[in-house]
Each structure stands twice: as structure tokens, then as C-alpha cells.
Amino acid sequence: MEHRSKILDCTIRDGGLINNWDFSIEFVQDLYNGLSAAGVEYMEIGYKNSARLLNATEPNPWRFLDDNFLKEIIPEKKFTKLSALVDIGRVDSNDILPREQSVLDMIRVACYVREVDKGLELVQMFHDLGYETSLNIMALSSVPEHQLIEAFEMVKESPVDVVYIVDSFGSMDPADIEHQVKKFQSMVPNKQLGIHTHNNMQLAFANTLTAMKNGVTFLDSSVYGMGRAAGNCNTELLVSYIQKPRYEMKPVLGVIEKHMLEMRQKWEWGYIIPYMISGVLNEHPRVAMAYRGSADRDNFVDFYDKVTIPETTLASASK
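Residues numbered from 1 in each chain as written. Predicted model: local features only at pLDDT ≥ 70, side-chain atom pairs only at ≥ 80, totals over all residues. Heavy atoms only, no water.

With an unreviewed UniProt entry as reference, the protein is termed Nucleoid-structuring protein H-NS, source organism Domibacillus mangrovi. In UniProt, the protein has this text filed under Pathway (unreviewed entry): "Amino-acid biosynthesis." (UniProt positions renumbered as here; feature names shortened; annotations may be inferred.)

**Here's the deal with the overall build of the protein**
Within the protein, the secondary structure is distributed over 13 helices and eight strands. The burial tally for the protein puts 54% of its 319 residues in the buried class. Across the protein, the fraction of contacts at a sequence separation of at least 24, relative to all contacts at a separation of at least 6, is 75%. Separation between the mean location of the 32 positive side-chain charges and that of the 44 negative ones in the protein comes to 2 Å. (Helix = DSSP H or I, 4+ residues; strand = E, 2+ residues; numbered from the N terminus. Buried < 20%, exposed > 50% of the residue type's maximum accessible area, 1.4 Å probe, protein only. Contact = heavy atoms within 4.5 Å. Lys, Arg positive; Asp, Glu negative; His and termini not counted. Charge placed at Lys NZ, Arg CZ, Asp CG, Glu CD.)

**As for the nonpolar core**
Counting 80 residues, the largest nonpolar core has Ile45, Trp62 and Leu135 as its most contacted members. Not counting the four nearest positions on each side in its chain, Ile45 is found in contact with Ile12, Val28, Trp62, Leu65, Leu70, Ile74, Leu82, Ser83 and Leu104. (Core = buried A, V, L, I, M, F, W, Y, C linked by side-chain atoms within 4.5 Å.)

**Concerning unusual backbone geometry**
The bulk of non-glycine residues show a negative phi, and the bulk of peptide bonds are trans. For Asn20, which is not glycine, the phi dihedral falls at a positive 50 degrees. Summarising the element assignment, Asn20 is placed in the loop between helix H1 (11–19) and helix H2 (25–38). For Asn20, a relative accessible area of 42% puts it in the partly exposed group. The backbone of Gln202 sits at a positive phi, close to 60 degrees, despite the residue not being glycine. You can see Gln202 is positioned in the loop between strand E7 (192–196) and helix H7 (204–213).

**So, the sheet that holds strand E6 (residues 162–166)**
Strand order in the closed barrel made by the eight strands is E1-E2-E3-E4-E5-E6-E7-E8, with parallel pairing throughout. Strand-to-strand, the axes of this sheet are offset by a mean angle of 25 degrees, without reference to chain direction. Direction of pairing for strand E1 (residues 6–9) relative to strand E8 (residues 218–221): parallel, over a ladder of four bridges. Its bridge partner lying in E8, Asp9 is registered against Ser221. Sheet contacts for H2: E1, strand E2 (42–47) and strand E3 (81–87); angle to E2, the most-contacted strand, approximately 160 degrees. (Pairing = 2+ DSSP bridges. Axes fitted to C-alpha atoms, helices over the stretch in contact; angles between N-to-C directions.)

**A look at the environment of Glu132**
Summarising the element assignment, Glu132 is placed in strand E5 (residues 132–137). For Glu132, a relative accessible area of 15% translates into the label buried. Expressed as a C-alpha distance, the spacing of Glu132 and Val181, which sit 49 residues apart in the sequence, is 21 Å. When sequence neighbours within four positions are dropped, the list of residues in contact with Glu132 reads Tyr42, Lys81, Arg99, Asp105, Met106, Ile107 and Asp161.

**Some remarks on the UniProt feature "domain: Pyruvate carboxyltransferase" (unreviewed entry) in the protein**
Within this structure's numbering, the places UniProt gives as "domain: Pyruvate carboxyltransferase" (unreviewed entry) are residues 5–257. In this annotation, residues 5–257 is assigned 38% helix and 17% strand; the end-to-end C-alpha distance for the span is 27 Å.

If you want it as C-alpha cells, here you go:
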């Protein structure tokens, strides 16, 4: 089972949610070369969203990937394939080249369950242009069963290559993951599955291994766990754990040593108590992230009260 799995490193894309994609070109190139040397199959180099549709004023190359820019950054493709993520309503079809003219190999579409039809329209377009595709259905832990069933009827008929189980709030445990994987396998038996975990409860790695042992092939991770809020499953853990002759841990350690220790001084991510609390409560981490940005950042008891006692939430809202 294990040798079939593929690692998709999303350090730039998910990590960019921490530092507003303030990555140097040197870092992205070193990461690409390091992941290639480590035998990692895919690297997500950012979002292919449209700056115009998002009214973005400042240039942000990793958030609004441009094919010409990518050709300059990665003039020569190595072992690792490149992917980009798009959000529903934020992508301009005129920005997408056919795959043979692009540095990208895969385009992943993120959506909530209620927009699966729109997500699949994008998937169809990318598929027709020659890309590998995935559909990443977010916030799964709060989706009612009947909605999933309807969504999966459409997914089964679509050309999408990979369907992702996304633990958006880092609130699932290995038993939940196993349950979701079996459900997905029964609903879309004709698709490969992927897993995207968050580390709010220190379970990202365990959840990823559980998914893999149950037949999930695409494993998302990030170097040093860098991703939104509590971060993701760590790439360095996966390449050291999965028994694949091609995987090498040392090049990943090199990237961490050269760049990421310094980044971690500047930007915060990982297992941190307010993120843990939001995971335990199955809540979006945005409240915890705002709290970490305030002067009260380490008042854990106060944070816990704010998010669990309805009165305090109302009182603070009316202040």
C-alpha cells in the first residue's frame, strides 16, 4: 500500500497563509530543489487565483501565479511536479494556459460542499487543458450526510483525478479519518483519494498515516509543518517514515536549517494552545489567529472562556 502513495508538499501555498506569501525567490527555488532531491512527488507553488478578480493592489507572485514568472523561477523541471490551487470564483479562465505551455502539472480546486457543481466546472476546464486535477472539499467535519451524497454523485461522473478529504479545523482523529476514507471510497470508488490535515491536536501525522494505511494515495504535507494556524503534517516526517527507496530526509533538513528556523522566529505557526482549543471545538481557526495577533495572545483561559461561554462572546461583541 505504502509505495503507491505520493507526497504533495504545500509549504508555499498553505504556509503563505501565515506570512502573506512573503517568500523569497531563493527560498522557493531551494525548496523545489530540496523536495526534488528528497523524492517528493509534487510541490504546490501557490495559488493560481486572479489578482483582478480579488482586487489585489500589491503584486504577490505566489498568490497570483503567472506562467511567465514561473518559467523564470523554475527554468528546468526536476523530479518534482508542480501544482497550484484555485478557489471558486477567484480564477480567470483566460489566465490558464494549456498544460504543455505551462510549468504546472496539476491544478487543484478548493470548494465547500455547496459549491461542488462550480468546482467541477473548473475541474472540467483544467482537465480539458491537460492538467491533473483534484477537488478539495473543505470543512468536512461539519457537512451533513445528505449533502455529501448529492455532491459525490456529481464527483463520480466528473473527470477529476483525486478527491481530497480535508480536515480544515484540525478536529478529526484517526478513527474519524478512517470513517471518512471508507465513506469516500464507497461513494467515489473510481477516484484516487487525498488527505489534507491540520495539526491543532497534534494528530496531523497520525491522521495522514491512517489515511495512507486505508488506501489514500495523495498525502499533503509541508516542510517544518508550515501552514495556516496549527500548520500541516510535516514533510520531513513523511519522507522519513514511508519506506520508499527514493525518499531522502537530508535535503528537507537542509531547507529547514537554511531558511525555516529564521522564518519561525518571524512568523508563528504550529501546535499552539488557542489553535488546539479551536480544533477541540471543531471551529475555524480565524478567531484563534486574531487572538494570537492581539496583546492578550497568551491568556489561554480567557480565550477558552471567550469561545465556550456564550455570554462573554456577546459581551465582548457589544463593547
